[in-house]
Amino acid sequence: MPAETRLFRCLKDNYGVLVHDPATGATASIDAPEAAPVEAALKASGWKLTDILVTHHHADHTDGIKALKDEYKCRVVAPAGEAAKIPAVDETVREGDTVKVGSLVANVIETPGHTLGHIAYWFHGDKLAFVGDTLFSIGCGRVIEGTPAQMWASLKKLRDLPNDTEIFCGHEYTLANIKFARTVEPDNPVLAARESQARKQIEEGEPTIPTTIGDEKLANCFLRADLPEVAAGIGMAGKPAVEVFTEIRARKNKF
Ligand code: ZN
Ligand code: FE
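So, here is what we can say about the structure in this document. Here the residue numbers are simple positions, counted from 1 along each chain's written sequence. The order in which chains are written sets their letters, starting at A; the order in which ligands are written sets their numbers, starting at 1. Confidence filtering applies because this is a predicted model: local features only for residues at pLDDT of at least 70, side-chain atom pairs given and counted only at 80 or more, and all residues used for totals across whole chains, interfaces and linings. To obtain the side-chain values, all non-hydrogen atoms of the structure were included, while hydrogens and water were left out.

**Structural notes on the packing of aromatic side chains**
By convention here, two paired aromatic rings are described through the distance between centres and the angle between planes. Centres within 6.5 Å make a pair out of two Phe, Tyr or Trp rings, where for Trp the six-membered ring is used; the pair is then stacked when the planes are under 30 degrees apart, edge-to-face when over 60, and tilted otherwise. This model, assessed by the stated rule, comprises 7 aromatic pairs. Between Phe 180 and Phe 255, the aromatic rings sit 5.3 Å apart at their centres with planes inclined by 70°, giving edge-to-face as the arrangement. Of this pair, Phe 180 sits in helix H5 (residues 174–184) while Phe 255 is found in the segment after helix H9 (241–254), placing the two residues 75 residues apart along the sequence. Classification of residues uses two cut-offs on accessible area relative to the type maximum, computed with a 1.4 Å probe and protein chains only: under 20% is buried, over 50% is exposed, and between them is partly exposed. Given the relative accessible area of 53%, Phe 255 is considered exposed. Lysine and arginine charges are scored as sitting over a ring when NZ or CZ, respectively, is within 6 Å of the ring centre and within 35 degrees of the ring normal. One residue, Arg 9, lies across the ring of Tyr 15, its end atom 5.4 Å from the ring centre. By the criteria applied, helices consist of DSSP H or I runs no shorter than four residues and strands consist of E runs no shorter than two, each listed in order from the N terminus.

This is the structure in structure tokens:
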């Protein structure tokens, strides 16, 4: 049976998301920005929390863990590289490991850059990927602990997932990201289409995610740093992709 998901807002602009296995009843929360919205989503769906899968140690992804674990006695799975900074961890995982949520299976993909231990969970059988603060809709996370080269390599790993993979990210940043992306690729027609779509979604109180890898490849300048037209558009024709990515990320920081 295919996985079911339930997406909801937390804190100021974070997303929480539940992944549910109808075959076994198992339900995972991807990160836990705060406990109350996760509990509300569980009540609304009638699902029981069995697991929390953590992408990285930042407080806006982990502050709800302790209260949820106390209440549901759920298993907490966290990246090996930064488990010491995450509360109540039961299991640590690294690149190549798999995590089961009932009968659903996720592959662990290490995506350092935003933080050094950051990981993504790819449920290949269900074409879902939970990428935390590495890849956003038309954007990418700030490079806080790693290097731009690490972040570029991490984004390329995610870009290699099948085009129809649905991408759930940690924040609602789409409209601001499009505004910036249009400064990098003013002539990209896909960006204009994504902007009107996102505007409508936001006006209607709907999330702009999930996005897909296929859609991001066409619109996300951070995934497009190795395209000649993107390099040329920012005056870096012929430069290595990692340098182009580094420049785009630096411009976004100042935008
Ligand atoms: Zn973060
Ligand atoms: Fe975050």
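**Some remarks on helix H3 (residues 65–72)**
Those residues of H3 that fall on the buried side of the exposure criterion are Ile 65, Leu 68, Lys 69 and Tyr 72. What you see down the axis of H3 is that its buried residues fit within an arc of 100°, all on one side. Note on contacts: a residue pair is in contact if any heavy atoms of the two residues lie within 4.5 Å. Where H3 is buried, its residues contact helix H1 (35–45), strand S4 (51–53), helix H2 (59–62) and strand S5 (75–79). Lys 73 sits one or two residues past H3 and shows a positive phi near 55°. Along the arc lie the directions from the helix axis toward the C-beta atoms.

**Let's talk about the coordination of the zinc ion (ligand 1)**
Water is absent from the atoms considered, so a metal site may look incomplete; donors are defined as N, O and S atoms within 2.8 Å of the metal, or 3.2 Å for Na, K and Ca. Protein coordination of the zinc ion (ligand 1) is provided by His 56 (NE2), His 58 (ND1), His 114 (NE2) and Asp 133 (OD), with donor distances spanning 2.2 to 2.3 Å. Taken together, the 4 donor atoms surrounding the zinc ion (ligand 1) define angles of 84 to 172° at the centre, an arrangement classified as irregular. Each donor residue of the zinc ion (ligand 1) belongs to the same chain, with the gaps between them written as H-x1-H-x55-H-x18-D. For the pair the zinc ion (ligand 1) and the iron ion (ligand 2), the metal-to-metal distance amounts to 3.1 Å, and Asp 133 bridges them. Here His 56, found in the loop between S4 and H2, pairs with His 114, found in the loop between strand S8 (104–110) and strand S9 (119–123); they are 58 residues apart in sequence, far enough to count as distant. Accessibility expressed as a relative area gives 0% for His 56, which makes it buried. According to the relative accessible area criterion, His 114 is buried, its value standing at 6%. When four donors show all angles between 85 and 135 degrees the site is tetrahedral, when four or six donors have opposite pairs over 155 degrees and all other angles between 65 and 115 it is square planar or octahedral respectively, and in every other case it is irregular.

**Points about the pattern of salt bridges**
Salt bridges, as used here, are contacts in which a Lys or Arg side-chain nitrogen is within 4 Å of a carboxyl oxygen on Asp or Glu. This model, assessed by the stated rule, comprises 14 salt bridges. The salt bridge partner of Lys 12 is Asp 13, with a shortest N-O separation of 3.5 Å. Salt bridges linked by common partners bring Asp 51, Arg 75 and Glu 91 together as one network.

**Notes on the environment of Ile 138**
The residue Ile 138 is located in the loop between strand S11 (135–136) and strand S12 (139–140) in this model. Here Ile 138 is in contact with Thr 174, Asn 177, Ile 178, Ala 181, Leu 191, Arg 194, Glu 216, Ala 219, Asn 220 and Phe 222, once residues within four sequence places are set aside.

**So, the sheet that holds strand S1 (residues 4–10)**
In any sheet, the strands associate via hydrogen bonds between backbone groups, in a parallel or an antiparallel arrangement. The strand order S1-S2-S3-S4-S5-S6 describes an open sheet built from 6 strands, whose pairing is mixed. Edge positions in the open sheet fall to S1 and strand S6 (91–93), since each of these has one partner strand only. Between one strand and the next, the sheet's axes are offset by a mean angle of 25°, whatever the strand orientation. Two strands pair if DSSP finds at least two bridges between them. With 7 bridges connecting them, S1 and strand S2 (residues 14–20) associate as antiparallel partners. Fitted lines through C-alpha atoms give the axes, limited to the stretch in contact for helices. The angle between two N-to-C directions lies from 0 to 180 degrees.

**Digging into helix H4 (residues 148–159)**
What a helix is expected to span follows from its residue count: subtract one and scale by 1.5 Å. Taking 1.5 Å of rise per residue, the 12 residues of H4 would be expected to cover 16 Å, and the 16 Å separating its terminal C-alpha atoms lies within 8% of that figure. Along H4, the residues classified as buried are Met 151, Trp 152, Ser 154, Leu 155, Leu 158 and Arg 159. Burial along H4 is one-sided: seen end-on, the buried residues are contained in an arc of 165°.

**Considering the coordination of the iron ion (ligand 2)**
For the iron ion (ligand 2), the full set of protein donor atoms is Asp 60 (OD), His 61 (NE2), Asp 133 (OD) and His 171 (NE2), and the range of their distances to it is 2.1 to 2.3 Å. Viewed at the metal, the 4 donor atoms of the iron ion (ligand 2) are separated by angles of 85 to 170°, and the geometry they form is irregular. Read in sequence order, the donor residues for the iron ion (ligand 2) give the motif D-H-x71-D-x37-H.

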